[in-house]
Amino acid sequence: SSRTPYSSPEDLQSNSWVEIASLIYFFPLNYMRNLKVFQEAERLRFLQGLDNIIEFGSGFGPSSWALKNVEQKRGPNSLSSAVQNFYWIESSPLAPLYASFYAKEFSSTPIVADSYHDIDFSNSDFKKTLAVFSYSLTELKTFPDWAEKCEAILILEPSTQDDGRRLQSLRPTLTEKGFSLWGPCMHEKECPLLKHSQRDWCHDRLLLQRPEWLERIESHLAWENKSLTFSYLLARKTPPVWKGKSFSHQARVIGDTLFEKGKTRQLLCKDDQRQFFAWLNKEGAAPELPRGSLVHWGKDEIKSNEIRPKSEMHLIEQPDIDA
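Keep in mind that what you see is a predicted model, and the values were worked out from it rather than measured.

Reading the values: the criteria
- Residues numbered from 1 in each chain as written.
- Predicted model: local features only at pLDDT ≥ 70, side-chain atom pairs only at ≥ 80, totals over all residues.
- Heavy atoms only, no water.
- Helix = DSSP H or I, 4+ residues; strand = E, 2+ residues; numbered from the N terminus.
- Expected span 1.5 Å × (residues − 1).
- Buried < 20%, exposed > 50% of the residue type's maximum accessible area, 1.4 Å probe, protein only.
- Axes fitted to C-alpha atoms, helices over the stretch in contact; angles between N-to-C directions.
- Parallel < 35°, antiparallel > 145°, perpendicular 65-115°, else oblique.
- Contact = heavy atoms within 4.5 Å.
- Nonpolar A, V, L, I, M, F, W, Y, C, P; charged D, E, K, R; others polar.
- Patch = residues over 30% accessible without salt bridge, like charges linked within 9 Å, V, L, I, M, F, W, Y side chains within 5 Å.
- Areas by Shrake-Rupley, 256 points an atom, 1.4 Å probe, with all protein chains shown as cover.
- Salt bridge = Lys/Arg side-chain N within 4 Å of Asp/Glu carboxyl O.
- Phe/Tyr/Trp six-rings, centres within 6.5 Å; stacked < 30°, edge-to-face > 60°.
- Lys NZ or Arg CZ within 6 Å of the ring centre and 35° of its normal.
- Disulfide = S-S within 2.5 Å.
- Polar contact = N/O pair within 3.5 Å; in protein donor to acceptor, adjacent residues only side chain to side chain.

S.K.: Explain helix H3 (residues 95-106) to me, please; I cannot follow it from the model alone.
M.R.: Because an α-helix completes one turn every 3.6 residues, residues spaced three or four positions apart along the sequence face the same direction. Relative to the 16 Å expected for 12 residues at 1.5 Å per residue, H3 spans 17 Å between its end C-alpha atoms, a close match to the ideal helical length. Of the positions making up H3, those classed as buried are Ala-95, Leu-97, Tyr-98, Ala-99, Ser-100, Phe-101, Tyr-102, Ala-103 and Phe-106. Taken from the residues just after H3, Ser-107 is the one with a positive phi, measuring 55°.

Here it is in structure tokens:
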């Protein structure tokens, strides 16, 4: 192997500031993005029955760290078991050092490989495997053949217009390859933002309560992150319980609150139509609905592309096919 046998954090001192910045600043931010997506995957029951994770372009392994965090906080009634095997595909010569950090925290060492072809996998393994692409799929020209064999796919991309719309355009590719969409989509119809807009794209937002150490770091930078945005897709060969269902009173909130003259609006997604929740100011204050949340409501009034709820709105963990 061409890798250098690094063994401790001090070994980073001989490397570039880019590597150090990646460890102490960008890794925590990527970890928090991954954690938000894995928490949503857990709520949707997306992680059940998965024994292996392949993290492509893993770097420091933010997806593996986030998954471990979610596993450790599962309640006694959880139907998901802990992932047994972690595989990191990473070409950096520092990859063994990254894996050693993870091993010290969780007493489990990821298997590091330069490429997928270095992993000894059987067909039965693929049926219990999650492939994760965290800020790495855009490095590839085409969707990798080996990922098509996996049971589950998690893709996390930057929340830019180009990356977000490119990710949305991947939805039909996944369904053609036998995957069912689990999130953030509640349907497999054409994406309403691609169908009805030339500029909109789907992305989520995580509001941060920054620790003091992060504020100190950002005091030396030309920017600060009071929130983190990202785009993601969850897909599995096993379909979700709500596959093929239509929801008249359930939706995913995919927009920030918009304060307009006489009303408040938020972009939503529940099928292939571009629609908004709307609340008239004269009827009282609009509810605070976190971007990315699933919601359920009762009575409503439809006006053009607006759904005007006339009853209390509730946050839900996953689409309810009985509601």
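And the narrative resumes.
S.K.: Looking at this structure, I do not really get the packing of helix H2 (residues 62-72) against H3. What am I missing?
M.R.: The packing of two helices is summarised by the inter-axis angle and the distance between the axes. Remark: H2 packs on H3, axes separated minimally by 11 Å, with the N-to-C direction vectors making an angle of 10°. It follows that H2 is roughly parallel to H3 by the angle criterion. Facing Ser-64, Trp-65, Lys-68 and Gln-72 of H2, the residues of H3 in contact are Phe-101, Tyr-102, Glu-105 and Phe-106. Counted by class, the contact of H2 with H3 contains 4 nonpolar, 2 polar and 2 charged residues.

S.K.: I keep staring at a nonpolar patch on the surface and nothing clicks. Help me out?
M.R.: Taken together, the side chains of Phe-26, Leu-221 and Trp-223 make up a nonpolar region of the molecular surface, amounting to roughly 280 Å² of accessible area. As for its placement among the helices and strands, Trp-223 is situated in the loop between helix H9 (212-218) and strand S8 (227-236).

S.K.: Looking at this structure, how should I read the packing of aromatic side chains?
M.R.: Aromatic rings in a pair are described by how distant their centres are and how their planes are angled relative to each other. Counted according to the given criterion, the structure contains 20 aromatic pairs. Their ring planes at 40° and their centres at 4.0 Å tell us that Phe-60 and Tyr-98 sit as a pair that is tilted. Of the two residues, Phe-60 sits in the loop between strand S1 (52-56) and H2 while Tyr-98 sits in helix H3, which places them 38 residues apart along the sequence. Like Phe-60, the residue Tyr-98 is buried in the burial classification. Connected via pairs of aromatic rings, a cluster forms that spans Phe-27, Tyr-31, Phe-60, Trp-65, Phe-86, Trp-88, Tyr-98, Tyr-102 and Phe-106. Above the ring of Trp-182, the side-chain terminus of Arg-236 is found at 6.0 Å from the ring centroid. Here Arg-265 stacks its cationic end above the ring of Phe-276, 3.9 Å away from the centre of that ring.

S.K.: Sorry, what's going on with the state of the cysteines here?
M.R.: Among covalent bonds in proteins, the disulfide is the one between the sulfur atoms of two cysteines. Here the structure, examined in full by the defined rule, presents 0 disulfides. Sulfur of Cys-185: no disulfide; nearest cysteine sulfur belongs to Cys-269 and is 6.3 Å away. A relative accessible area of 10% places Cys-185 in the buried class.

S.K.: Where do I start with the pattern of salt bridges in this structure?
M.R.: If the charged atoms of two oppositely charged side chains come close together, the side chains can form a pair. Per the stated rule, a full pass over the model turns up 25 salt bridges. The closest approach of N and O atoms between Asp-163 and Arg-166, which form a salt bridge, is 2.8 Å. One end of the pair is Asp-163 and the other is Arg-166, both in helix H6 (residues 161-168) and 3 residues apart, which spans about a single turn. The exposure class of Asp-163 is buried, given its relative accessible area of 15%. Accessibility expressed as a relative area gives 45% for Arg-166, which makes it partly exposed. In this structure, the salt-bridge partner of Glu-306 is Lys-263, at a minimum N-O distance of 2.5 Å. With Glu-306 in strand S15 (residues 306-309) and Lys-263 in strand S11 (residues 263-269), this pair connects stretches of sequence that are 43 residues apart. For the pair formed by Glu-306 and Lys-263, the shared burial category is buried. When salt bridges that share partners are traced, they join Glu-260, Lys-263, Arg-265, Glu-306 and Arg-308 into one network.

S.K.: Can you help me understand the environment of Gln-168 in this one?
M.R.: As for its placement among the helices and strands, Gln-168 is situated in helix H6. When near neighbours in sequence (up to four residues on either side) are disregarded, Gln-168 contacts Cys-191, Leu-193, Leu-194, Trp-201 and Cys-202.

S.K.: Looking at this structure, I do not really get the side chain of Glu-42. What am I missing?
M.R.: Locating Glu-42 in the fold gives a position in helix H1 (residues 17-43). Among the polar contacts listed, one links the side chain of Glu-42 to the side chain of Arg-74, at a separation of 2.8 Å. Among residues more than four places away in sequence, those in contact with Glu-42 are Leu-47, Val-70, Arg-74, Ser-78 and Ser-80.

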